[in-house]
Structures are given as structure tokens and as C-alpha cells.
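# A look at the structure
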There are 2 protein chains.
Amino acid sequence: MMHLVLADSELELIPEKIAGHPSVRGYRSRILDSSLHHNAMKSLEDGYRRGRPDIVHISLLVAMESILNREGMLRVYVHTRGDTVIYINPETRMIKNYGRFKGLMQQLLERGRVPSNGEALMEARNETLAQLLEKLDGRKILFSPEGKRSSMEEIMEEDVVCIIGGFPHGDFLSPVYDMADEVVSIYHEMLPAWTVVMEAIVSYENKFIFRQP
Amino acid sequence: MMHLVLADSELELIPEKIAGHPSVRGYRSRILDSSLHHNAMKSLEDGYRRGRPDIVHISLLVAMESILNREGMLRVYVHTRGDTVIYINPETRMIKNYGRFKGLMQQLLERGRVPSNGEALMEARNETLAQLLEKLDGRKILFSPEGKRSSMEEIMEEDVVCIIGGFPHGDFLSPVYDMADEVVSIYHEMLPAWTVVMEAIVSYENKFIFRQP
């Protein structure tokens, strides 16, 4: 089983502080989005990296539609800057339209689950990254340009927890270097989250699914 | 070198026939999008599968941000239902925001190139899939659930042309089965275009980049 954790993801509701700003008021969605709220975000701490639901969306489309997930061997978690952890039911068909995805994330962050009734497809809980990682079995590999240069295929183990940053620049906010068994770099440049996600998933598949007799 | 061809992609400007429909008139973008124009599209031939710029967008984000592209070993082409071929400069940083991506595609389909002046990042030419494939060197592998079940790693060759359908359901519109050297299925279910794109790219990288001395 691979557990995939998108850590310190830049996904959040619009902070109170900028809710009245002209560049924010005109939109119906309450999810912070740097491509819309750029001007208002200049006054926010860490404003240069926040408001990136697009990174979460693309990473989830890559992960949830993978062969690994279809084979039932993948669990995906989104941990956010605000210490919310989104648990995703592996059966979830991720919404492809970006606007609708943001609507879903808003519902999730405001109400804690989607859909409101019946079996949850996604659930949001107040949890730190440490609290999440404690529960997951497997070797904890943190991906970071600061890590030891390694080949994805070599480091993959059958039970593995892959921790990938869900932010566009900078470093992890959570004290994640203390929680990992290994810190690994797969390339000499910073890669987008979904590129690391796809490298991890396909390398795992090739090692543990396709090459098995 | 890998040439990646998204074939018969469901990317087009809004057809004249439905331009006046109430579910179309309210939007500024002139790119057909089934998540917005669903009602109007019922009267279009093949309306059930058309208007999927999201599939092209996600596939391009996966391809252009890959390690393979950063290493200069990938060329990407989008062939559309209307027999336009979009040539993408490997240096292009693909726009992450979906709304802006559609704006770019509109500009490209209306004016033929982006940006208007200077070195082109993307160019749209009137070409059939056959005309494009004639120009590309390498073994032509067509991915289709109808193909022979094979492992991605085994079929990859150093010079290869991967042909992947850029549509959500159904079969290729172009006579592509006659143009391919091999028709291959990598999974027993239909996969989204970007899942096949990532499987092809990472398997190629593992075979020809990471495992080289």
C-alpha cells in the first residue's frame, strides 16, 4: 500500500482579513485563489505562496485516476497550511472542472464532509501533519530538493508513505524533516507537486504491480 | 526522443450552430466547454464527447512539467477533432489556471500562434493526424483498450511516437489504426488521457534516463 500525503498544501478559505477587499468581493467562491485574489493577498503573511487550489486539484486528478488507485493500493491525504487533513475515499471520482472542484473544497472546509449525508467521499478533520503520519504504516519518505539524490525505483518499498509538498515555492511549514525516515531528492530542480506524485506512483506500479509474475 | 501526440482531442471554438443558444451566450470564452455548454451541445453531432479542454489542459500540465521534458527529450503535439495540430515549444511553461488556459487556446485557434510576435510558444496549423505522423521519427505506438495487452516498460523504445486519445469516451475519429506500428493496451479499463501520458513518460524516463550509468 502507498500512502500519499500532500503536506502543507496551500488550500484554505479566504481569510477574514481580506474578505472585504475589492479584488475578493466580486467572486462567489470562498476558496482563496492567487490567480484571482492576487492584489488582496499582498497584505497576507506568506501571501506569495498561498491560495493554490490548482496544485491540489491537478495532484488529485493524477493520483485518483492512476492505475495504482484503481488497483486499490493507494490512499491519498491532503494536509493544509491550516492543519486540516482531508481524507479521500479511494472510490472518489475527482471532479475535472476546476471551478466545480473549488466549490467542493469550499463545502468540505465549511462543513467537514462531502456529501452531507451517506458514505463520505471526502472528510476534513482538524489534524496536524504529525497526527496524520503517526497513523500511517510504512517507511516515511519526504521529497525535497534538500534531500539525498536517489532513484524513485530504488527507494520504493511495498509499504511506503510518500510526503510531497502541496505548495509552489519555499519549504515545508510543518516540522516534517523530524518525522521522515528518509529525505529524498529525485531531480536537481524543484518540481511541481503533481510531477513528484506521478513519478512516485508509476515507479511504484512498475516495481510492485507490472513486474510481478 | 519521445513524441507525444494527443489525437482527436475535443478542443474547438464554439460552433456557429449553437453560438446564439442561451447556455452559451452568457460566457466570454469562445472555447467549447461541456461543463458550461452542456444544454446547447445536445443538438451537436457527437455532442456527448465534445468540448473537453480540461482533458487537454491536464495532459499538457503532466507532460510539460515532467522530468522528461526538462531533459529536452519530449515533444508534444495536440491534434484536434477539427484537424488542427498545435505544436508546443518545449520551453513553454504551461498556464496552471484553467480559465486562463482556455483564453490561451482561444487566441491560438483564432490567430494561429501564441504570442502574437516573437518566438512562438505554441503554433496551430491546419493538418490531419496522418500529415503530422508522417513527419515524426520513431516507432508509432497507439494506445487503445482494443490493443494487445502489454507492459509500458517493455514496449518503450528510445525513438518512439506515443499516440493517445484526447477525448473522454468512444473511439478515435481519425483512421489511426492504419497509421500505427503497434496498438497497445496497458490496462483492462479505459483510462483518462493524462493517466496514459504519465505512464508513458515515467516508464520512458525509468528505462532511458534513470537506469543509464
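Since we're looking at a predicted model, the values are computed, not measured.

Parameters at a glance
- Residues numbered from 1 in each chain as written.
- Chains lettered and ligands numbered in written order.
- Predicted model: local features only at pLDDT ≥ 70, side-chain atom pairs only at ≥ 80, totals over all residues.
- Heavy atoms only, no water.
- Salt bridge = Lys/Arg side-chain N within 4 Å of Asp/Glu carboxyl O.
- Helix = DSSP H or I, 4+ residues; strand = E, 2+ residues; numbered from the N terminus.
- Buried < 20%, exposed > 50% of the residue type's maximum accessible area, 1.4 Å probe, protein only.
- Core = buried A, V, L, I, M, F, W, Y, C linked by side-chain atoms within 4.5 Å.
- Contact = heavy atoms within 4.5 Å.
- Buried area = accessible area lost by both parts, 1.4 Å probe.
- Polar contact = N/O pair within 3.5 Å; in protein donor to acceptor, adjacent residues only side chain to side chain.

Side-chain pairing between opposite charges can occur once the charged atoms of the two side chains come close. Evaluated as defined, the whole model comprises 30 salt bridges over all chains. Close ionic contact of Arg70 of chain B with Glu189 of chain A constitutes a salt bridge, the shortest N to O distance being 3.0 Å. Of this pair, Arg70 of chain B sits in helix H4 (residues 67-70) while Glu189 of chain A sits in the loop between strand E8 (182-185) and helix H8 (193-210), which puts the two residues in different chains. Of the residues examined, Arg70 of chain B reaches a relative accessible area of 25% and is grouped as partly exposed. Look at Glu189 of chain A and you get partly exposed, because its relative accessible area is 34%. A salt bridge links Glu157 of chain B to Arg139 of chain B; the shortest N-O distance between them is 3.6 Å. Note that Glu157 of chain B is positioned in the loop between helix H7 (152-155) and strand E7 (160-165) and Arg139 of chain B in strand E6 (residues 139-149), a separation of 18 residues in sequence.

Turning our eyes to something else, we now look at the nonpolar core. One recurring pattern in soluble globular proteins: nonpolar side chains tend to sit buried together. Of all hydrophobic cores here, the largest spans 102 residues; its most connected members are Met2, Leu4 and Phe143 of chain A together with Met2, Leu4 and Phe143 of chain B. Discounting chain neighbours no more than four positions away, the residues touching Phe143 of chain B are Met152, Ile155, Cys162, Ile163, Ile164, Phe172, Val184, Ile186 and Val196 of chain B.

So, on to the interface of chain B and chain A. Contacts between the two partners involve 35 residues from chain B and, on the opposite side, 35 residues from chain A. Of the roughly 3,000 Å² buried at the junction of chain B and chain A (both faces included), carbon and sulfur atoms supply 58%. The interface formed by chain B and chain A includes 2 salt bridges. At the junction of chain B and chain A, the tally comes to 14 residue pairs in polar contact (both at pLDDT 80 or more).

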